[in-house]
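Observations on the three-dimensional arrangement
Residues per chain are reported as follows:
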Amino acid sequence: MVLPFLGLYLREGLGFSLADTGWIMASYGVGSMVGAISGGYLSDRWGSYQVQTLALFLGSGLFLALSFMTEFWSLAFGVFTLTAVADMVRPANSSAVFEYAKEGNITRAFSLNRMAINLGFSVGPAAAGIIAAWSYQGLFWADAASSAAAGLLFVAFFRKRRPRRTREVQSPGPSPYRDRGAMAFSLLVLLFALVFFQLVSTMPFYYRDVFRLSETQIGLLLGFNGLLMVAVEMVFVNWAQNRIAPRHAIALGMVVMALSFASLNWATSLLGLYASMFILSVSEILAMPFMISWITLRAGSKSRGRYLGLYAATYALGHIIAPLMGTRVIEYFGYSTLYYGVALLSLLTAWGFSQLPPATARQ
């Protein structure tokens, strides 16, 4: 609930400038990168169950603490600390999905996991818009409560369950940083993240500044994205996983993403914004389930946590650069330049994904 409204909270709730807002949102990405790398490393050492438990409960307390911070440096440090802890759950959770999935169900298992996340992203922003209209601070309290509830449910269900695949701990596996295919993939994921994270870093500003939407309207518009993911993604992945090569599906998704951001500049009404969000949702359905399956299949059993940590850290780096890039371009050149620019970047990234080797061709 916090992230989609963090920029508006900083700018309108606390009165920070657009530049300072960009820096604090970038600290979110720095912390997320630290959490992703440490979460992947600790998952390989401790196991995914222990890392997820730690991240959910400790993250809950940090959400609550962050709600009382209002100064620039305390907020930057608080956001960094929160995400450094809370985002350890990402690679650990991805590793757990692989450990518990049946053979032949890897892509569908990740798609099911994404469906759950997107269900949260359909309800979360819509509820957050209502809460933000009452109190921005309430968003942090709601996230603290949901994180603690997730931790309780997770421990209750998984503390006595064993995964289908045992975790290899006898010796370290190959490093993803020496895998040229994985590093090329990570560079392309970074470019994807620079485009995609405009969704939560600059688009709420665009909705507010250009279309004068309320918090509730912004929350419903963002929630529409998650709702489409829930309705369509699993059906599409079930059909496509044995028919379309992952790199080709991702490339097509990037082409559609270019259209979605370009169309923001053509929108003249709320209906046009929903149409643009629909196109963006289609691009997610095409690209994101196949990204996680590509990097998971690329990793060996002993290195899965580190490969997934690299993947999550790449997204986190996108979280650092995207708000800094987006807010600077808006400040000096305007929204139209930003969205046409990321549309062009999407097309270039689509070509790069189409040139990737198959996931199993380790180099």
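It should be noted that the structure appears before, not after, this text.
Below you will find a few notes about this structure. (Residues numbered from 1 in each chain as written. Predicted model: local features only at pLDDT ≥ 70, side-chain atom pairs only at ≥ 80, totals over all residues. Heavy atoms only, no water.)

Attention now goes to the overall build of the protein chain. Helix and strand counts for the protein chain stand at 15 helices and zero strands. Taking 363 residues into account, the globule formula puts the C-alpha radius of gyration at 21 Å, and the protein chain, at 19 Å, falls close to it. Structurally, the protein chain occupies a C-alpha span of about 55 × 40 × 35 Å along its principal axes. Looking at the 363 residues of the protein chain, the share that counts as buried comes to 57%. Taking all contacts inside the protein chain whose residues are at least 6 apart in sequence as the whole, residues at least 24 apart take part in 85%. (Helix = DSSP H or I, 4+ residues; strand = E, 2+ residues; numbered from the N terminus. Rg over C-alpha atoms; globule rule 2.2 N^0.38 Å. Buried < 20%, exposed > 50% of the residue type's maximum accessible area, 1.4 Å probe, protein only. Contact = heavy atoms within 4.5 Å.)

The next subject is the packing of helix H3 (residues 48-66) against helix H7 (residues 137-158). Helix-helix packing: each pair is described by the crossing angle between the helix axes and the interaxial distance. Direction vectors running N to C along H3 and H7 enclose 160 degrees, while the axes themselves pass 8 Å from each other. With respect to their mutual orientation, H3 and H7 come out roughly antiparallel. Along this stretch, H3 crosses H7, giving a crossing that reads as left-handed. Residues Tyr 49, Gln 52, Thr 53, Leu 56, Phe 57, Gly 59, Ser 60, Phe 63, Leu 64 and Leu 66 of H3 lie in contact with H7, whose contacting residues are Phe 140, Trp 141, Asp 143, Ala 144, Ser 147, Ala 148, Ala 150, Gly 151, Leu 152, Phe 154, Val 155 and Phe 158. (Axes fitted to C-alpha atoms, helices over the stretch in contact; angles between N-to-C directions. Parallel < 35°, antiparallel > 145°, perpendicular 65-115°, else oblique. Left-handed = near helix turned anticlockwise from the far one by under 90°.)

With that settled, consider the pattern of salt bridges. Summed over all chains, the structure comprises three salt bridges. Between Asp 209 and Arg 11 there is a salt bridge; the shortest N-O distance is 2.9 Å. Of this pair, Asp 209 sits in helix H10 (residues 203-211) while Arg 11 sits in helix H1 (residues 2-13), and the two are 198 residues apart along the sequence. For Asp 209, a relative accessible area of 26% translates into the label partly exposed. (Salt bridge = Lys/Arg side-chain N within 4 Å of Asp/Glu carboxyl O.)

Glancing now at the nonpolar core. Counting 94 residues, the largest nonpolar core has Tyr 207, Met 291 and Phe 353 as the members making the most contacts within it. Considering each element in turn, this core owes the most residues, twelve residues, to helix H13 (residues 270-298). Setting aside chain neighbours within four positions, we find Phe 353 in contact with Phe 185, Leu 188, Val 189, Arg 247, Ile 250, Ala 251, Met 254 and Met 291. Among the nonpolar cores identified, the runner-up in size contains six residues, and Leu 42, Ala 55, Met 88 and Ala 92 belong to it. (Core = buried A, V, L, I, M, F, W, Y, C linked by side-chain atoms within 4.5 Å.)

Here we take up the packing of aromatic side chains. Throughout the structure, instances matching the rule amount to 24 aromatic pairs. With a centroid separation of 5.1 Å and an interplanar angle of 90 degrees, the aromatic rings of Tyr 311 and Tyr 315 are classed as edge-to-face. Of this pair, Tyr 311 and Tyr 315 are both found in helix H14 (residues 304-332), four residues apart, which corresponds to roughly one turn of the helix. Tyr 311 sits in the buried class, given a relative accessible area of 10%. We classify Tyr 315 as buried; its relative accessible area is 11%. Three or more aromatic residues joined by ring pairs make a cluster, and in this case those are Phe 185, Phe 192, Phe 196, Phe 197, Trp 294, Tyr 311, Tyr 315 and Phe 353. (Phe/Tyr/Trp six-rings, centres within 6.5 Å; stacked < 30°, edge-to-face > 60°.)

What follows is about H7. The end-to-end C-alpha distance of H7 is 32 Å, a good match for the 32 Å that 22 residues give at a rise of 1.5 Å each. Within the sequence span of H7, burial applies to Gly 138, Leu 139, Phe 140, Ala 142, Asp 143, Ala 144, Ser 147, Gly 151 and Phe 154. (Expected span 1.5 Å × (residues − 1).)

Let us look at a nonpolar patch on the surface. Side chains of Leu 252, Val 255, Leu 344, Leu 347 and Leu 348 sit close together on the surface and give an oily, nonpolar patch of about 460 Å² of accessible area. Counting residues per element, the ones that place at least two in the nonpolar patch are helix H12 (246-264) and helix H15 (335-354). Tallying contributions element by element places H15 first for the nonpolar patch, with three residues. Mapping Leu 347 onto the fold places it in helix H15. Residue Leu 347 is classed as partly exposed on the basis of its relative accessible area of 43%. (Patch = residues over 30% accessible without salt bridge, like charges linked within 9 Å, V, L, I, M, F, W, Y side chains within 5 Å. Areas by Shrake-Rupley, 256 points an atom, 1.4 Å probe, with all protein chains shown as cover.)

For Arg 212, which is not glycine, the phi dihedral falls at a positive 55 degrees. Among the residues examined, Arg 212 registers a relative accessible area of 65% and is labelled exposed.

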